[in-house]
Number of protein chains: 2
Amino acid sequence: MTATGSLVLVPNTLDLGADEVDIQAVLPLGVLQRAARIHHWAAEDARSTRAFLKRVAAVVPLQSPLQSLDIRELPKPRKGSREAVPAAEWQSLLAPALQGHELGLISEAGLPAVADPGSALVLAAQAAKLPIEVLAGPSSLMLALAGSGLNGQNFAFVGYLPQDAAPRAARLKELEALSQIFIETPYRNAAMLSAALATLSAATHLTVACGLTLPGGWVLTHRVSQWQQAERPGLPDRWPAVFALLAA
Amino acid sequence: MTATGSLVLVPNTLDLGADEVDIQAVLPLGVLQRAARIHHWAAEDARSTRAFLKRVAAVVPLQSPLQSLDIRELPKPRKGSREAVPAAEWQSLLAPALQGHELGLISEAGLPAVADPGSALVLAAQAAKLPIEVLAGPSSLMLALAGSGLNGQNFAFVGYLPQDAAPRAARLKELEALSQIFIETPYRNAAMLSAALATLSAATHLTVACGLTLPGGWVLTHRVSQWQQAERPGLPDRWPAVFALLAA
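Residues numbered from 1 in each chain as written. Chains lettered and ligands numbered in written order. Predicted model: local features only at pLDDT ≥ 70, side-chain atom pairs only at ≥ 80, totals over all residues.

Trainee: Can you walk me through the relation of the copies chain A and chain B in this structure?
Mentor: Both copies of the chain are placed relative to one another by a rotation about an axis and a shift along it. For the pair chain A and chain B, the best superposition has an RMSD of 0.0 Å and corresponds to a rotation of 180° with a translation of 0.0 Å parallel to the axis. Considering both components of the superposition, the chain copies are consistent with a two-fold axis. Interface residue correspondence from chain A to chain B reaches 100%, placing this contact among same-surface, isologous pairings. (Least-squares fit on C-alpha atoms with pLDDT ≥ 70 in both. Contact = placed C-beta atoms within 7 Å.)

Here it is as structure tokens:
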């Protein structure tokens, strides 16, 4: 082959396709223009990718009709390590890029491959020496951290915490030692806030962020003792919440 | 007071004002529109903030003339903890928001308060119960992580490493245990890459990212053994590099 393909990491909005935000409020015009010309896609979810491209098309006409685009889904992760997906599956997904085309990688919200599927495909592209282009877009983690007032010079993102009460409490106590960020699935947001308030020291700063970049989104930092006294904000059960904490 | 002011976190481009990138390629139009109407600013650097607002004005006319804007600089951090800045300085900076205005917070590049000054002002705003709005924009850390192919489900950002060779090598070995991200100042980029290659295990994945979102920007992941054999990419001495590593 002669042409050089590439893997293009395309950011999505943070409203999970609910169309609650103007796409031009959260994604740069240049990103929409790039997305509008990509024909081959590797996606966390094909349906939400088509919804995304419809929103793009309302601003910048797509180069090929939506129905004609080649959108393939990332293999669903087996329980446990991403290594469990056979390497051949990543090679097959990369085929358009290896054949000289641009291949877009997109997740359901925010940046692909950060707190979202896709990093194994990026690593396969790195191994294949494909050029990788990362387009500018919002990361819910970083927006939450910026708005928290916690220490942005040193932090750890630790993904999801255990679901069961005892190991979850133990993990919360471990995390209290550093500026730490974690996320929760929407329907467990309220349970996580209760567990955190029951577990953490009174003086620890606890941040909760919900729906940043969306109408009504907010980010609040209080000490645990203040959270316990304050009226709890209504935690939406539609948006994943981002939690951050920093021991006093 | 009756009006409710707010603190608005405004993202900047990643080219440190060098005008090497179209501002519309990296910042959403909605963010430019918001920035164009903010009169009061708390800035890492006043000069670069005026340069940013000039670039904004080329897309969206500013509501007040640039010369008339109220731009004040964040107190320079004393060596050591951010606590060393007297609380009265943060209150003084927050005054416009406490009086009912929008106060913009901006750093020289990327998101304010993440790997950049500003988090103490945000925490003061949280304590004053000011609404905080975080506008969508690029974080060099997250773009590097997304493009690395390393583990985006669990990671730590550990800021700058020690400058002296022996403690730097010791810290690099410590970091090898997790997916870790750190940054370096431009003129030490090459020395850091050499130190990492001399210190880390051959099988460890090492990512270097430079100038993402800028023309010629790149992100490369190799195992340490491959870096040692490969021709080293020219590490720019103008852009800070982002490094990430993951033990095999």
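Trainee: Sorry, what's going on with the confidence of the model for chain A here?
Mentor: Close reading of the predicted structure is inappropriate where its pLDDT is low. When pLDDT is averaged along chain A, the result is 87; 95% of the residues meet or exceed 70. Both confidence scores are given for the complex: pTM 0.88, ipTM 0.86. (pLDDT = per-residue confidence, 0-100.)

Trainee: What is the right way to look at the nonpolar core in this model?
Mentor: Where a protein is soluble and globular, its nonpolar side chains tend to be buried together. One finds Leu9(A), Ala144(A), Leu145(A), Leu9(B), Ala144(B) and Leu145(B) to be the most contacted residues of the largest nonpolar core, which totals 154 residues. In contact with Ala144(B), other than residues within four places in its own chain, are Ile181(B), Thr207(B), Ala209(B), Leu212(B), Val219(B), Val242(B) and Ala244(B). (Core = buried A, V, L, I, M, F, W, Y, C linked by C-beta atoms within 7 Å. Buried ≥ 20, exposed ≤ 12 C-beta atoms within 10 Å, placed from the backbone.)

Trainee: Where do I start with the sheet that holds strand E4 (residues 102-106) of chain A in this structure?
Mentor: Sheet strands pair by backbone hydrogen bonding; their relative direction is either parallel or antiparallel. Overall, parallel pairing links the 5 strands, which are arranged E3-E2-E4-E1-E5 (chain A) in an open sheet. Two strands in the sheet have a free side with no partner beyond their single neighbour: strand E3 (70-73) and strand E5 (132-134) of chain A. Averaged over all pairs of adjacent strands, the angle between strand axes in this sheet comes to 25°, irrespective of strand direction. In this structure, strand E2 (residues 40-43) of chain A lies alongside E4(A), joined through 4 bridges in parallel fashion. Within the sheet, the bridge partner assigned to Ala43(A) lies in E4(A) and is Ile106(A). Sitting on the sheet, helix H6 (residues 140-148) of chain B touches strand E1 (6-9) and E5 of chain A, and the angle it makes with E5(A) is about 150°. (Pairing = 2+ DSSP bridges. Helix = DSSP H or I, 4+ residues; strand = E, 2+ residues; numbered from the N terminus. Axes fitted to C-alpha atoms, helices over the stretch in contact; angles between N-to-C directions.)

Trainee: I'm lost on the interface of chain A and chain B in this one. Help?
Mentor: Interface extent is often summarised as the accessible area lost during association of the parts. Counting residues at the interface gives 46 residues for chain A and 46 residues for chain B. Counting residues per element, the ones that place at least two in the side of chain A that touches chain B are helix H1 (23-26), helix H2 (29-36), helix H5 (119-127), E5, helix H6 (140-148), strand E6 (155-160) and strand E9 (218-223) of chain A. In terms of residue count, H6(A) provides more of the side of chain A that touches chain B than any other element does, 6 residues in total. Considered class by class, the residues forming the side of chain A that touches chain B number 28 nonpolar, 16 polar and 2 charged. As judged from the 3 bridges shared by E6(A) and strand E6 (residues 155-160) of chain B, these two strands associate in the antiparallel manner. Counted as the bridge partner of Phe157(A) is Phe155(B) from E6(B). (Nonpolar A, V, L, I, M, F, W, Y, C, P; charged D, E, K, R; others polar.)

Trainee: Please clarify how the sheet that holds strand E8 (residues 205-210) of chain B should be interpreted in this entry.
Mentor: Strand order in the open sheet formed by 10 strands is E9(A)-E8(A)-E10(A)-E7(A)-E6(A)-E6(B)-E7(B)-E10(B)-E8(B)-E9(B), and the pairing between neighbours is mixed. In this open sheet, the two edge strands, each paired with only one partner strand, are E9 of chain A together with strand E9 (218-223) of chain B. Direction aside, the axes of adjacent strands within the sheet are offset by 15° on average. One ladder, built from 6 bridges, connects E8(B) with strand E10 (residues 241-246) of chain B; its direction is antiparallel. Paired with Thr207(B) across the bridge in E10(B) is Ala244(B). Contacts between H6(B) and the sheet are confined to E6, strand E7 (180-184), E8, E9 and E10 of chain B, with E10(B) contributing the most and set at about 45° to the helix.

Trainee: What is the right way to read the pairing of E4(A) from this model?
Mentor: Consecutive side chains of a regular strand alternate in pointing toward one face of the sheet and then the other. Residues and elements named next belong to chain A. Within E4, 4 of the 5 residues are buried, which leaves it mostly tucked inside the rest of the structure. Sheet topology places E1 next to E4; 4 bridges connect them, and they run parallel. Residue pairing in the sheet places valine 8 in a bridge with glycine 104 of E4.

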